[in-house]
Structures are given as structure tokens and as C-alpha cells.
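Structure at a glance
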Amino acid sequence: MFCYQCEQTYRSDEGAGCAGAKGMCGKDATTADLQDILLYVCEGVGQYLHRARQLGATDIEADRFILFAFFTTLTNVNFNAAKFVELIQQASQIRERAKALYEDAARAAGKTPETLSGPAAFAPTDDMAGLLAQASEAAVRKDAAILGEDAVGARALILYGLKGVCAYAHHARVLGEERDAIYSAVENALDMLAREERNVATLLDEALALGRANFLAMEALDAANTGAFGAPTPTNVRVTPIKGKAILVSGHDLKDLHAILEATKDKGINVYTHGEMLPAHSYPKLKAYPHLAGNYGGAWQDQQKEFAEFPGPIVMTSNCLIEPQPRYRGRIFTAGPVGWTGVRHIADENFSIVAQAAQALPGFTEDAPEQTITIGFGRDTVLGVADKVIDAVKSGAIRHFFLVGGCDGAAPGRNYYSDFADEAPEDTVILTLGCGKYRFNKHDFGTIGGLPRLLDMGQCNDAYSALVVATKLAEAFGVGVNELPLSLIVSWFEQKAAAVLLTLLALGVRNVRIGPTLPAFLTPALVDVLIEKFGVQPVGDAKADIAASLARAA
Ligand code: SF4
Ligand code: SF4
């Protein structure tokens, strides 16, 4: 096993990366190795699909499979080794289909099909022991001695960014939004990874192309969520429980939440959101369900305590899952790409079993004192008051905007983000998204000119919304996004954040601060490129970073 895809990867003086029996997230060596093999076979699928597409032939089911397969390998998604054996077999069959598609298309075009090597020719065995014996052929650093560390790091940036693109595109797809351009970009990236490209400049160009594809994926997801459930509007969300039977829904998948709300309608069960599901309360067609009662708990890293104390069933619809503890293992369910060995999985979006579990469990026995927070400042809401915002900036009432957003995690350095929000001067506005906001979203930031100083724009998935707002404000001021009084302070944890970073870089957004630590897969030379070319900066001291951001804008 070797994995260094997330922020919490094991770090020591000898280097970084989770190896040995288990990663810091709880992923065991077997699952990690099988994930590598799955991705490697998917690269083979991509080799064929990429060539078939050049000849006008496509296989949308194969593309959809790739999105799902990649999503299962994101940090804190699927820990079920047996599931990966199954997915590898499926990938292998799909690769055969893609091969036939390509070869038929080539012959139809009067060409001799290429004989492909690498992942296209890799033959996975059909049992776990055999697969584990093959794992070194698919390992993420398998060619480090040939390619060199910088190329391996740049390729990892693409591989992990691709995971983020696939996760966003999968969320959009389940709600009916798909883009051919995204599938084309995914196939292209897979083919590039299979080619063993080692030129770092070429790899970084590919990474930026992937960043542009991720913008499309986020746009598709925005269209999917708002198309299905309406545009988010400012909403007060109760963050304390009320008496009654209860279900807790975590992760990012609004479609699953909707299915759970339907399955529990008129049954006297309250549905609570957890973690990144909080923004669901701001979508008109979701908040119309009176039993969408509130939000419970905070960000993912506190789930073992919070889930243990929650008196009902829990559903994980996507990341971030950590090892279910005995106190709630019998009442937690996984859905979609998520999995944990021995935990009940709902594959068909039929959540009636969860409703039954809620009826059988005690629920909350009394009301807690009411406490609310306000969320729902998506692009429509913010742009709806754009005149007010522009006037406030012109009059000096608003000096600067800080987007303090992204993932949360257990690392002590993540206090930086709450310190940053708390220390931001009173004439500044804080935009936020992602689960990192739980560190400060119950603090009182007051208002500026009738606008709350803290504007919660939604999930990490809603980075698109923030980019639209920044672009429109830049247009209104007649400047570029980099000239706006806006600083981006990103907290990263997993691979969707890598995809968002690539999007920001591809759109030319400069001076993004990222932390709490830089990705371990980026070598010093790659970090230097990010600093020199894009002005990317590691986070430092919150007060000093605020002062530096304000000084740059002055
Ligand atoms: S996902 Fe992160 S914590 Fe888990 S094994 Fe990989 S690098 Fe380690
Ligand atoms: S924002 Fe990132 S860390 Fe937080 S729940 Fe989502 S994927 Fe996990």
C-alpha cells in the first residue's frame, strides 16, 4: 500500500505517504491496493474510449462507470475491499467493450486499430489474492525511478484532480445533468496517465485542462441541484434537536436526501442534515418538506462522537465516512459510492429500511433550546443584492471580501481558518463554503449595510457559485477577478479540493492561499511553479495573512 492523496497522509522526516497495514483514514492495505488496480484498469478503458471518440464512437455507460469507480476511491468514501474486487471485474468487462468499440470504429474508418499496451493490456485476475499479487503493477508510484519525482507528482495532481472531477460529475449525473465535454476530458486524462507522460510542463498543461473540465463539472452540478430543487435562498436552520424520531443524513448527495424525505413523509420522523448536507435546507424544494427539521453536529471529523449520540439511523451519501464505531455500527447505512465492510448498503435509493429503523429507535426525548444559523447565500441571492454590494464597496463600507472555504479535518493547524474568520476586520465580508465553516459558522459576525458579514454559499461543490459571483462582480467593477478586493483562503483535505484548485488556476485566479499543509504529492519544484506562475501561497499566521491580503488590495 502507498497512498498520499489527502491532506492527512502520514508525514515524517523520511517523507510522506500512508504505507504499511493501514492509512491514517482507516483504509487498509488491501482496499488501497485494490483501488489502485481499479483506477489502472479504468485508465485502460480511457485509452480505448479516447481513441473511439476521435472516430466518432462513444459509450456513455462506460463513461458513467468511470465517474462512479473514481468516486469510490476518494478519501473517506469506500472501505469495502470486496466491492473493489467486483468493480475491477466490471471495469475489465467494460474495457473489453470499449476495445471493441474502438476497433470497430477504426476499421469502419478504414484504419488499422492500434495495439495498446500498459493499462489497456493489464489482465486482472478474478480473485482477491491474485489481484493483491498484481498490485505493484498498478501502484501510484510504480514508475518513479523512470519518470522522476516531479513527473510523478504532476501525474498525481492530475489523477487526484480527476477524482474530484468524477465526483462532481457523478453527483450531477444522478440528477440528469451530463456533459459530453466532461466525458471527453476524463477520457483524455486517463489516456494521458496511461501514456506515462513525463514532461512536467506538458503534465501541468494537462492539469489545467482538467481544471477547465472541472469548471464544467461544477457548472453541471449547479444546474443539476438548482434544476431539481430550486435556487438556494437565505434560510434559518435550526441546529438543535427537537423531540421525536430522527434520521441523520450526511455527505453531499441531495438526491439521496430527497429520496429519504419522500420515504419518511407523514411518518412522524424528523430528518436532520449533518456535515456537508447542511446547505440542503436552502433549496426551496427540499425545505418545503416540514420534517426536514434541522442540522445536527458539525464537520466529518467529529462524527464518531456525534453519530454515537444521535438517537436514530444515519445515512452516509458520500464522503466523509470514518470507521463506524460499535455504538452505531448497527444503525448506520451507506449509499451510492460509499461503503464499509459489514455496514448495510442501500444501492437502489429505496430508503424505507431507514425509515423503519428510525421508528424502532428512541429518537430525541425532548426539545433542546432553539438555536439557528443562516445559510443559503448562493449566487442568485448574492447577485440579487449586487447593487447594494457594489455601493458598499464604492462607499468603503465593505473594504474586502475573504472567501474562507473548503474542507475541514482533524489537523491542529486548521484553527487557522477560524482564527482568520474571527480576526477579519469588521469592514470585511467573509464568504464561506465546504465543511471547514463549522469552525466558525455559529460565531456572530454582525452585518454590514444590512448584509450579514458571514455569507454561507453552500457545499464545497458550490465553489462554482462563488466563481460566478466573483466574475459578475469583476464585470460590474470593470476589472479582472484578480483586481477585485477579494482573497481566497482555501482549506483542502481531499481530491475535490484538488480539482477546485486546478479550476482556480485554469481560470487565472492568483494568490490563492492554501493549507493547512501543502499536498504531499507536490515536490518542491512543483510547489515553486505554483508559487511563481500562479502566486499560490501556503497559509501562515492568520493575522499576518489578513494584513498581507489587505495591503495587496490597497
Ligand atoms: S486517503 Fe489519505 S489518509 Fe487515507 S490512506 Fe490515502 S493518504 Fe492516507
Ligand atoms: S468538504 Fe471535503 S472534507 Fe468536508 S465533507 Fe466534503 S469532502 Fe469531506
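Here, the structure is the one placed above.
These remarks concern the structure in this document. Quick caveat: nothing in here was measured; it's all calculated off a predicted structure.

Attention shifts here to the nonpolar core. Judged by nonpolar contacts, the single largest core of 132 residues is most densely connected at L38, I66, F70 and L162. Of all the elements, helix α6 (residues 149-174) adds the most residues to this core, at 14 residues. With sequence-adjacent residues up to four places away left out, I66 is seen in contact with C42, V45, L49, C166, V186 and L190. The next biggest cluster of nonpolar side chains, apart from the first, holds 26 residues, and it includes A259, M277, L286 and A357.

All right, on to the pattern of salt bridges then. Pairs can form between side chains of opposite charge whenever their charged atoms are close. Taken as a whole and judged by the stated rule, the model has 28 salt bridges. In this structure, E219 engages R179 in a salt bridge whose closest nitrogen and oxygen atoms are separated by 3.2 Å. Residue E219 is located in helix α8 (residues 200-229), and its partner R179 is located in the loop between α6 and α7 (180-194); the two are separated by 40 residues in the primary sequence. In this structure, the salt-bridge partner of E370 is R238, at a minimum N-O distance of 3.9 Å. In this pair, E370 sits in the loop between α13 (352-360) and β12 (372-375) while R238 sits in strand β5 (residues 235-238), placing the two residues 132 residues apart along the sequence. Overall, E370 belongs to the exposed group, its relative accessible area being 60%.

Looking along the chain, the bond that leaves N319 and enters C320 is cis, with omega of 20 degrees. With an omega of 5 degrees, the peptide bond between G515 and P516 qualifies as cis. With respect to the element layout, P516 can be found in the loop between β19 (513-515) and α19 (524-534). Its identity is not glycine, yet E196 carries a phi of approximately 60 degrees, on the positive side.

Within this structure, the stated rule accounts for zero disulfides. This cysteine, C460, is not joined by any disulfide, and C407 carries the nearest cysteine sulfur, 5.6 Å off.

Once that is clear, we can look at the layout of surface pockets. Computed from the structure, the largest pocket encloses a volume of approximately 520 Å³. Along the wall of the largest pocket there are 39 residues; nearest its centre are L403, A463, A466, L467 and L488. Taken together, the elements giving at least two residues each to the lining of the largest pocket come down to β13 (400-406), β14 (428-432), β16 (451-452), α17 (463-477), β18 (486-491) and α18 (495-506). Counting residues per element, the lining of the largest pocket draws most heavily on α17, which supplies nine residues. Among the residues forming the lining of the largest pocket, the class breakdown is 34 nonpolar, four polar and one charged.

Rules behind the numbers
- Residues numbered from 1 in each chain as written.
- Chains lettered and ligands numbered in written order.
- Predicted model: local features only at pLDDT ≥ 70, side-chain atom pairs only at ≥ 80, totals over all residues.
- Heavy atoms only, no water.
- Core = buried A, V, L, I, M, F, W, Y, C linked by side-chain atoms within 4.5 Å.
- Buried < 20%, exposed > 50% of the residue type's maximum accessible area, 1.4 Å probe, protein only.
- Helix = DSSP H or I, 4+ residues; strand = E, 2+ residues; numbered from the N terminus.
- Contact = heavy atoms within 4.5 Å.
- Salt bridge = Lys/Arg side-chain N within 4 Å of Asp/Glu carboxyl O.
- Disulfide = S-S within 2.5 Å.
- 1 Å grid on protein atoms, 1.4 Å probe; cavity = no way out; pocket = protein on both sides within 12 Å on 5 of 7 lines; lining within 4 Å.
- Points joined across faces, edges and corners; volume = space filled by probe spheres on them.
- Nonpolar A, V, L, I, M, F, W, Y, C, P; charged D, E, K, R; others polar.

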